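# Secondary and tertiary structure notes
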Number of protein chains: 2
Amino acid sequence: MALFSPMNTALSEAAKAAERGEVPVGAVLVHRSTVIAQSGNRIVELSDPTAHAELLVIRMGCALLDNPRLQECDLYVTLEPCAMCAQAISFARIRRLYFGAYDVKGGGVENGPRLFQQPTCHHRPEVVGGISEKECAEMLQAFFKERR
Amino acid sequence: MALFSPMNTALSEAAKAAERGEVPVGAVLVHRSTVIAQSGNRIVELSDPTAHAELLVIRMGCALLDNPRLQECDLYVTLEPCAMCAQAISFARIRRLYFGAYDVKGGGVENGPRLFQQPTCHHRPEVVGGISEKECAEMLQAFFKERR
């Protein structure tokens, strides 16, 4: 296991989200090798359909750095971001996006609208999908299996 | 002029945004014929790239109604929503979207990724574009002309 593994932190945020009854997705924002924000989904907790883990860490990071642009930041998230989060990642000028499981139904990066491949997309982060894919996907599968 | 004109309220929020140095876009959320939230862009003010007028009124409306779904709500916004806001509108189950100016470069509804036309989009609001289009577009043009 890597010494510095933001995806493991994202996975632990996803696990805590599941305990709160949220779809288990976790995200971590890294600025110059330091984790500056981490969160799981908080949609139910906040009654906020925009409270996806990615949007929350972007907002936390921007507030912390007092800057709406996060050019030196990388985002780690356990699930492929949706179109809302992908567009926010682009607006925030995130440098690299690392995600875990692919999301055929709800993803907006490698699936659906493929936001970063749109000609109107101004900033495209480097994208690496499939990081700790198995653990990320299994956590989601276990959550939905229990609820069925 | 209509007696009940939420788009005029959205336009006045856009004008206030311009005074704060924000791109002049305003939004209004209507629940059962009552305005329950209104805002302009607050990206600069909050150092938050997600602080688009639409996202702000959706979050305000959900907090007010203590519900992440706004099935009986209509959204009025002076500019065609971007992909981030369009996806949030879909997640929030907004009933109808009325927008002013079309946005060829940044829009995500009738331009770019056309979010609501994606097969993976679960909820599509009714969409009416071009409401008070001239006033909405002129406010944006005046803002950018002054900054050039």
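The structure under discussion appears in the preceding block.
Residues numbered from 1 in each chain as written. Chains lettered and ligands numbered in written order. Predicted model: local features only at pLDDT ≥ 70, side-chain atom pairs only at ≥ 80, totals over all residues. Heavy atoms only, no water.

### Some thoughts on the overall build of chain A
Broken down by element type, chain A carries five helices and five strands. For chain A, the sequential pattern of α-helices and β-strands runs α-β-β-α-α-β-α-β-β-α. What you see for chain A is a C-alpha radius of gyration of 14 Å, in line with the 15 Å of a compact globule of 148 residues. Referenced to the eigenvectors of the C-alpha coordinate spread, the extents of chain A come out at roughly 40 × 35 × 30 Å. Looking at chain A as a whole, 51% of its 148 residues are labelled buried. Long-range pairs, those at least 24 residues apart, make up 56% of the contacts in chain A between residues at least 6 apart in sequence. (Helix = DSSP H or I, 4+ residues; strand = E, 2+ residues; numbered from the N terminus. Rg over C-alpha atoms; globule rule 2.2 N^0.38 Å. Buried < 20%, exposed > 50% of the residue type's maximum accessible area, 1.4 Å probe, protein only. Contact = heavy atoms within 4.5 Å.)

### Remarks on the sheet that holds strand E5 (residues 126-128) of chain B
Residue and element names in this part refer to chain B. Pairing in this open sheet of five strands is mixed, and the strands run E2-E1-E3-E4-E5 from one edge to the other. Lying at the two open borders of the sheet, with one neighbouring strand each, are strand E2 (34-40) and E5. Averaged over all neighbouring strand pairs, the angle between strand axes comes to 15 degrees, with direction disregarded. Examined bridge by bridge, strand E1 (residues 26-31) and E2 share six bridges and lie antiparallel to one another. By the bridge assignment, His-31 is partnered in E2 with Thr-34. Relative to E2, helix H3 (residues 53-65) is tilted by about 140 degrees, and along the sheet it contacts E1, E2 and strand E3 (73-79). (Pairing = 2+ DSSP bridges. Axes fitted to C-alpha atoms, helices over the stretch in contact; angles between N-to-C directions.)

### Some remarks on the interface of chain B and chain A
Opposite the 28 residues of chain B that make contact, chain A presents 28 residues. Of the roughly 2200 Å² buried between chain B and chain A, counting both surfaces, carbon and sulfur atoms make up 68%. When the buried area of chain B at its contact with chain A is split by residue, B:Ser47, B:Pro49 and B:Arg59 rank highest and sum to 25% of it. Counting the contacts that link chain B with chain A gives two salt bridges. Close ionic contact of A:Arg59 with B:Asp48 constitutes a salt bridge, the shortest N to O distance being 3.2 Å. Between the two partners, chain B and chain A, sit four residue pairs in polar contact (both at pLDDT 80 or more). Counting only elements with at least two residues in the side of chain B that touches chain A, the list comes to H3 and helix H4 (83-91) of chain B. Grouping the amino acids of the side of chain B that touches chain A by side-chain chemistry returns 16 nonpolar, eight polar and four charged. (Buried area = accessible area lost by both parts, 1.4 Å probe. Salt bridge = Lys/Arg side-chain N within 4 Å of Asp/Glu carboxyl O. Polar contact = N/O pair within 3.5 Å; in protein donor to acceptor, adjacent residues only side chain to side chain. Nonpolar A, V, L, I, M, F, W, Y, C, P; charged D, E, K, R; others polar.)

### Regarding the side chain of A:Ser39
Residues and elements named next belong to chain A. Mapped onto the fold, Ser-39 is located in strand E2 (residues 34-40). Take Ser-39: its relative accessible area is 2%, and that puts it in the buried class. Among the polar contacts listed, one links the side chain of Ser-39 to the side chain of Arg-42, at a separation of 3.5 Å. Setting aside residues no more than four positions away along its own chain, Ser-39 makes contact with Glu-13, Val-25, Gly-26, Ala-27, Ala-53, Leu-56, Val-57 and Met-60.

### What to know about helix H4 (residues 83-91) of chain A
Because each turn of an α-helix spans 3.6 residues, side chains separated by three or four positions in sequence point in the same direction. In terms of residue burial, H4(A) counts as a mostly covered element, since eight of its nine residues are buried. Residues of H4(A) that are buried in the fold lie against helix H3 (53-65), strand E3 (73-79) and strand E4 (96-101) of chain A together with H4 of chain B. Looking one or two residues beyond H4(A), the residue adopting positive phi is A:Arg93, at roughly 60 degrees.

### Brief notes about the environment of B:His122
Tracing the backbone shows B:His122 in the loop between strand E4 (96-101) and E5. C-alpha separation for the pair B:His122 and B:Arg93, spaced 29 residues apart in sequence, amounts to 9.2 Å.

### Things to note about the pattern of salt bridges
Residue and element names in this part refer to chain B. Considering all chains together, one arrives at 18 salt bridges over all chains under this definition. Here Glu-72 makes a salt bridge to Arg-32, at a shortest N to O gap of 2.9 Å. With Glu-72 in the loop between H3 and E3 and Arg-32 in the loop between E1 and E2, the pair connects residues that are 40 residues apart, well separated along the chain. For Arg-32, a relative accessible area of 56% gives the class exposed.

The analysis is restricted to geometry; functional conclusions fall outside its scope.
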